[in-house]
Amino acid sequence: TVPPRPPALCPGCPHRAFFYNLRRWRRQAVFSGDIGCYSMGVLPPFETMDMLISMGASIGMAHGLKQAGAQEKVIAIIGDSTFFHAGLSPLASTVYNRGNIIVAVLDNRITAMTGGQQHPGTGITLQGEEGVRIEIAPVARALGVKHVWEVDAWDVKGINQTLKEAMAVEEGPAVVVVKGACVFTPYFRRRPVVAVDAGTCTACGTCFRVGCPAILKSEEVHPKTGKAKATIDPLLCTGCDVCLQVCPVGAIYGTGGGE
Ligand code: SF4
Ligand code: SF4
């Protein structure tokens, strides 16, 4: 029997910290999704996508929702490859029509789930030769977007702060580029794995909410609550440190090994 294995973002995935933070805005915003690995933001533990129609539809749908009178903020979530494929013209239309939306571009420097091929943002041609790398933030500014941020994909606090600032923009659109290479690209750097100090872990469950397949329920339970403590599979962990940043009691630590 094959055990159930629901799809999940890979250990070290540059989308994890973004969705962990995005989840906090579920009551104040509508999320317009797109097609790629980040479509998995629809699944637990994130449950963030409200709409997911077709490749490149996220920005146009977000803008349309605002034009139709949506009171909430609307956040379009699109990958770098999809942005170059079908996101430029709806962003231009949104600027032109003064659409007050947030566009989050998850820039992982590859077309990941939908083919593995290069695109204009990688700087490598489809024949594998060196090409011209087009950066997303300057393109957004050139299209007339006044509020543009670039943030490190594994910086949990940095993403939280950037989303707060973007949510406060009153005359949009705003563009947030979340930059971090996919684990399957040569640009991704594995770092020493992390581990859980079982004596410090309070079994609060916060690290389970980053949805990393390397974080498992330990057989050891908290004596008062009976809840399982966390443990980390060193063979899967890539040392991205996202779980380490969210643990409220500092129970997760770098081991300095296993790269
Ligand atoms: S550091 Fe934490 S979140 Fe990152 S890969 Fe390892 S277990 Fe997963
Ligand atoms: S976040 Fe920290 S304290 Fe909470 S379960 Fe994970 S390791 Fe334990």
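Everything numeric in this text was worked out from a predicted model, so none of it was measured. (Residues numbered from 1 in each chain as written. Chains lettered and ligands numbered in written order. Predicted model: local features only at pLDDT ≥ 70, side-chain atom pairs only at ≥ 80, totals over all residues. Heavy atoms only, no water.)

Enquirer: Please clarify how the pairing of strand β5 (residues 174-179) should be interpreted in this entry.
Expert: Here is the key point about a regular strand: its side chains alternate between the two faces of the sheet. Among the six residues in β5, five count as buried, and that is most of the element. Pairing geometry for strand β3 (residues 102-107) and β5, over six bridges, is parallel. By the bridge assignment, Val 105 is partnered in β5 with Val 177. Note that strand β4 (residues 147-152) and β5 share six bridges and pair parallel. By the bridge assignment for β5, Val 151 is matched with Val 178. (Buried < 20%, exposed > 50% of the residue type's maximum accessible area, 1.4 Å probe, protein only. Helix = DSSP H or I, 4+ residues; strand = E, 2+ residues; numbered from the N terminus. Pairing = 2+ DSSP bridges.)

Enquirer: Could you clarify how one ought to interpret the layout of surface pockets in this entry?
Expert: One way to see where empty space is left: roll a probe the size of a water molecule over the atoms. Size it by volume and the largest pocket reaches roughly 520 Å³. In terms of lining residues, the largest pocket is bounded by 19 residues, among which Pro 6, Pro 7, Ala 8, Gly 211 and Pro 213 are the most central. For the lining of the largest pocket, the per-class residue count stands at 16 nonpolar, one polar and two charged. Quantified by volume, the second largest pocket comes out at close to 180 Å³. (1 Å grid on protein atoms, 1.4 Å probe; cavity = no way out; pocket = protein on both sides within 12 Å on 5 of 7 lines; lining within 4 Å. Points joined across faces, edges and corners; volume = space filled by probe spheres on them. Nonpolar A, V, L, I, M, F, W, Y, C, P; charged D, E, K, R; others polar.)

Enquirer: Would you mind showing me how to read the packing of helix α2 (residues 57-67) against helix α3 (residues 80-96) here?
Expert: Two packed helices can be described by the angle between their axes and the distance between those axes. Remark: α2 packs on α3, axes separated minimally by 7 Å, with the N-to-C direction vectors making an angle of 20 degrees. The orientation of α2 with respect to α3, classified from their angle, is roughly parallel. Here the hand of the crossing between α2 and α3 comes out left-handed. Contacts between α2 and α3 involve Ile 59, Gly 60 and His 63 from the former and Phe 83, Gly 87, Pro 90, Leu 91, Ser 93 and Thr 94 from the latter. Counted by class, the contact of α2 with α3 contains four nonpolar, five polar and no charged residues. (Axes fitted to C-alpha atoms, helices over the stretch in contact; angles between N-to-C directions. Parallel < 35°, antiparallel > 145°, perpendicular 65-115°, else oblique. Left-handed = near helix turned anticlockwise from the far one by under 90°. Contact = heavy atoms within 4.5 Å.)

Enquirer: Would you mind showing me how to read the site of ligand 1 here?
Expert: For ligand 1, the set of nearby residues contains 13 residues, the closest of which are Cys 212, Cys 237, Cys 240, Asp 241 and Cys 243. Each residue belonging to the shell around ligand 1 can be placed in one class, and the counts come to nine nonpolar, three polar and one charged. (Near = heavy atom within 4 Å.)

Enquirer: How do you make sense of the nonpolar core when you look at a structure like this?
Expert: The tendency in soluble globular proteins is for nonpolar side chains to be buried as a group. Of all hydrophobic cores here, the largest spans 76 residues; its most connected members are Phe 18, Phe 19, Ile 75, Ile 77, Val 103 and Val 175. Taken domain by domain, this core gets at least three of its residues from each of domain 1 (16-179) and domain 2 (194-254). With residues up to four places along the chain from it excluded, the contact list for Phe 18 reads Ile 77, Ala 104, Leu 106, Ile 159, Leu 163 and Val 178. (Core = buried A, V, L, I, M, F, W, Y, C linked by side-chain atoms within 4.5 Å. Domains from an automatic or database assignment.)

Enquirer: Got a minute to help me understand the domain arrangement of the protein chain in this structure?
Expert: How big an interface is tends to be expressed through the accessible area that disappears when the partners come together. Considered domain by domain, the protein chain is made up of domain 1 (16-179) and domain 2 (194-254). Measuring from the centre of the C-alpha atoms in domain 1 to the corresponding centre in domain 2 gives 30 Å. At the junction of the two partners, domain 1 supplies nine residues and domain 2 supplies 11 residues. Of the roughly 840 Å² buried between domain 1 and domain 2, counting both surfaces, carbon and sulfur atoms make up 65%. Ranking the residues of domain 1 by area buried against domain 2 places Arg 16, Tyr 20 and Trp 154 at the top, with a combined share of 63%. If you look at where domain 1 meets domain 2, you find zero salt bridges. The interface formed by domain 1 and domain 2 includes four residue pairs in polar contact (both at pLDDT 80 or more). Sorting the residues of the side of domain 1 that touches domain 2 by element identifies α1 (16-22) and α5 (156-167) as the ones contributing at least two each. The dominant element in the side of domain 1 that touches domain 2, judged by the number of residues it contributes, is α1, at three residues. Considering only residue class, the side of domain 1 that touches domain 2 consists of six nonpolar, no polar and three charged. (Buried area = accessible area lost by both parts, 1.4 Å probe. Salt bridge = Lys/Arg side-chain N within 4 Å of Asp/Glu carboxyl O. Polar contact = N/O pair within 3.5 Å; in protein donor to acceptor, adjacent residues only side chain to side chain.)

Enquirer: Would you take a moment to explain the state of the cysteines for this structure?
Expert: Within the structure shown, the criterion is met by zero disulfides. Looking at the unpaired Cys 10, the closest cysteine sulfur is the one in Cys 13, lying at 6.2 Å. Residue Cys 182 stays outside any disulfide, its sulfur separated by 6.2 Å from that of Cys 37, the closest cysteine. A relative accessible area of 8% means that Cys 182 is categorised as buried. (Disulfide = S-S within 2.5 Å.)

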